[in-house]
Amino acid sequence: MSEESRADKSKAAPEKPVEGAVEEPVEARPRRDRKHGRARRFVVRPLIWMFAILLSVLAALWLFLESPLARKRARVLVSARLTEAFGRPVRVDQVDFGWFPPDVELRGVVIPGPTPASPPFAVLPRVRVLGAWRGLSDGKVNLQQIEIERPRIELYLGPNGETNLPEIADTGGGSSAVDVLIGRILITDGTFVLDERTLPLALEAKAIHGRLQGNGPLRAESPLVATLTAQDIVTTLPAAKPYGLTAGIRALLSPSGIAIEKIRLAAPEIRADVSGDVTWKGIEWNVALDVAARGEAALFNRLGYLADPIVGPFTFDGRLLADRKKNPAYKPTKNSKLARSDDVKDPEIPRSFLSFSWSGDLAAKTIRFLDRDFTEIAVGLEGDPRRVDAAV
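Per chain, residue numbering runs from 1 following the sequence as it is written. Side-chain atom pairs in this predicted model are given and counted only at pLDDT of 80 or more, local residue features only at pLDDT of at least 70, and totals for whole chains, interfaces and linings cover all residues. Heavy atoms from the whole structure form the basis of all side-chain values; hydrogens and water molecules are not counted.

Caption draft 1: The arrangement of the overall build of the protein chain in detail. Where helices and strands are cited, they refer to DSSP runs of H or I of at least four residues and of E of at least two residues respectively, numbered from the N terminus. Check the secondary structure of the protein chain and you find 4 helices and 17 strands. Each residue is assigned to one of three classes by its accessible area relative to the maximum for its type, calculated with a 1.4 Å probe on protein chains only: buried under 20%, partly exposed between the two thresholds, exposed over 50%. Considering the protein chain as a whole, with its 392 residues, one finds that 30% of them fall into the buried category. Note on areas: these come from Shrake-Rupley sampling with a 1.4 Å probe, and a residue is covered only by the protein chains present in the view. Put simply, the protein chain shows about 25500 Å² of open surface, and 61% of that area lies on carbon and sulfur atoms.

Structure follows, in C-alpha cells:
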C-alpha cells in the first residue's frame with residue numbers, strides 16, 4: 001500500500017476515546033452558558049439602572065438650581081440673614097450663583113437707615129464672591145476674589161450725638177477654628193459720606209489670610225483670637241494718590257468688646273502700630289486707641305499732598321478717643337429722621353450722645369523743605385470731626 005493511501009485512511013479514521021475519560025454531554029454546555037448569562041444580567045442590570053437613576057436625580061437637581069425659583073429662594077434666604085444681622089429690613093434685588101467655580105453675586109443690596117424717612121445706611125449695587133472648592137476638606141474657606149462695585153455708605157453724626165449706625169446682632173459663639181483665605185478684595189468707584197462730606201472709597205487688597213480661633217462658648221474669660229494679614233493693600237486717601245502698604249492685625253474678641261493687641265501698617269515711607277480697646281454695652285460703646293508712627297516726610301510727596309520735595313524722618317505718637325453714651329433724658333415720642341422704626345423719638349432729645357476726639361505729638365529733628373532746613377520741630381495736635389488745633 002502506498003504512503004498516500006495510508007495517510008488518507010489515518011485522516012478518515014475516528015479518534016479512539018481515552019480510557020477513564022468521561023465525555024461531557026453536548027446538551028450540558030449551552031445550559032452552563034445560560035446560567036453565566038443570567039448571573040451577569042443580575043449584577044450588571046441593577047448597576048446600570050442605579051447609574052441612570054443617579055444621573056436623573058443630578059440632572060433634576062441641576063435644572064432646579066438653575067431655575068428662577070431657586071434664585072428666588074436664595075434671594076429670600078440671603079435677605080433674611082442680612083436682616084437678622086443688621087436689625088433692619090435689608091433688601092436684595094437679585095441673587096445669582098454658579099458652581100464651577102463656586103460663585104455668588106448679589107445685586108441691589110440696600111441696608112436702610114433707622115426709619116423709612118432716613119437715607120439708606122449702605123447701598124451696594126453689585127457684590128460678587130468667587131470661591132474655590134479646594135481647602136474645604138481642611139476646614140478652610142478659600143475665596144478667590146470679593147468684588148464690590150460702586151458702594152455708597154452714609155454715616156451721619158447728629159448735632160446731639162445721634163447716628164444712623166445699625167446695631168449689629170449678637171450671633172453668639174462656640175468652640176471653633178476658622179481659616180479664611182482671600183486672593184483679592186476689590187472695591188471700586190465707591191463713595192463714603194460723613195456728615196454730608198463726600199469722600200472717595202476705593203480699595204484693593206491681595207493675599208489676605210484671616211483666622212478665628214476659640215475654645216468653648218464666647219465668654220469674657222475665653223475670648224476668640226482673631227488674626228488677619230494682607231500682603232498688598234492699595235487704598236486712596238481724600239485728595240491723594242493711591243498708596244500701597246501691608247497690614248497685620250491681632251485681636252481678642254469677647255461679648256463686651258475687642259482688645260486690639262496690635263495693628264501694624266507698613267510701607268516704604270511709614271510704619272505705624274495701633275493698639276487699644278473697643279468696648280460696648282447695649283447702645284453704648286467706647287473706643288480708645290494708641291498710635292505710634294515712624295516715617296519719612298517724603299510720604300507727603302508720595303501721596304500727592306506736596307509738589308516740592310520734602311526730606312527728613314518724623315515721629316508721631318497719638319491717641320484716638322470715641323464713645324457713645326445713652327441719654328438718661330431720652331423719652332420716645334414721634335417723628336425723628338434718625339430714630340429706629342420701633343422706637344421713635346423727638347429730635348431735641350437724642351437717644352444717645354456721640355463724641356470723637358484725637359490728639360498727638362509730631363516731632364522731627366531736621367526737615368528739609370524749599371531748600372531750607374527746619375530743626376527741632378515739635379507740634380502738639382488736637383482735633384475732632386469739626387476742628388484741628390496745633391501748638392508749635
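Caption draft 2: Up close: a nonpolar patch on the surface. Among the surface-exposed residues, Leu237, Phe300 and Tyr305 lie close enough to one another that they form a single nonpolar patch of about 260 Å² accessible area. Of note, Leu237 is situated in the loop between β8 (224-236) and β9 (242-254). The partly exposed category is assigned to Leu237, whose relative accessible area is 40%. Each patch is built from salt-bridge-free residues with over 30% relative accessible area, joining like charges within 9 Å and nonpolar side chains (Val, Leu, Ile, Met, Phe, Trp, Tyr) within 5 Å. Criterion for a salt bridge: a side-chain nitrogen of Lys or Arg within 4 Å of a carboxyl oxygen of Asp or Glu.

Caption draft 3: Quick look at the pairing of strand β2 (residues 102-111). Most of β2 is tucked away, with 8 of its 10 residues classed as buried. Here strand β1 (residues 91-99) runs beside β2; their pairing, made up of 8 bridges, is antiparallel. In the sheet register, Val92 faces β2, and the bridge partner there is Val109. Linking two consecutive strands that pair antiparallel, namely β1 and β2, is a turn of 2 residues. Note: β2 against strand β3 (residues 122-131), 8 bridges, orientation antiparallel. Its bridge partner being in β3, Ile111 is matched across the sheet by Ala122. If DSSP finds at least two bridges between two strands, the strands pair.

Caption draft 4: Structural view of the pattern of salt bridges. Applying the stated criterion across every chain, the model contains 17 salt bridges. Close ionic contact of Arg126 with Glu149 constitutes a salt bridge, the shortest N to O distance being 2.7 Å. Highlighted residues: Arg126 in strand β3 and Glu149 in strand β4 (residues 140-149), separated in sequence by 23 residues. In this structure, Arg294 and Asp317 form a salt bridge, with 3.5 Å as the shortest nitrogen-oxygen distance. One end of the pair, Arg294, is in strand β12 (residues 284-296); the other, Asp317, is in strand β14 (residues 313-326), and 23 residues separate them in sequence. Owing to a relative accessible area of 42%, Arg294 belongs among the partly exposed residues under this scheme. Three or more residues are tied together by salt bridges with common partners; here these are Asp103, Glu105, Arg107, Arg126, Arg128, Glu147, Glu149 and Arg150.

Caption draft 5: Highlighting unusual backbone geometry. We note that Asp189 has phi near 55 degrees; this positive angle belongs to a residue other than glycine. Along the chain, the position of Asp189 falls in strand β6 (residues 177-194). On the accessibility criterion, Asp189 (63% relative accessible area) is exposed. For Glu376, which is not glycine, the phi torsion reads 50 degrees and is therefore positive. Position of Glu376 relative to the elements: it lies in strand β16 (residues 372-384). What makes Glu376 exposed here is its relative accessible area of 57%.

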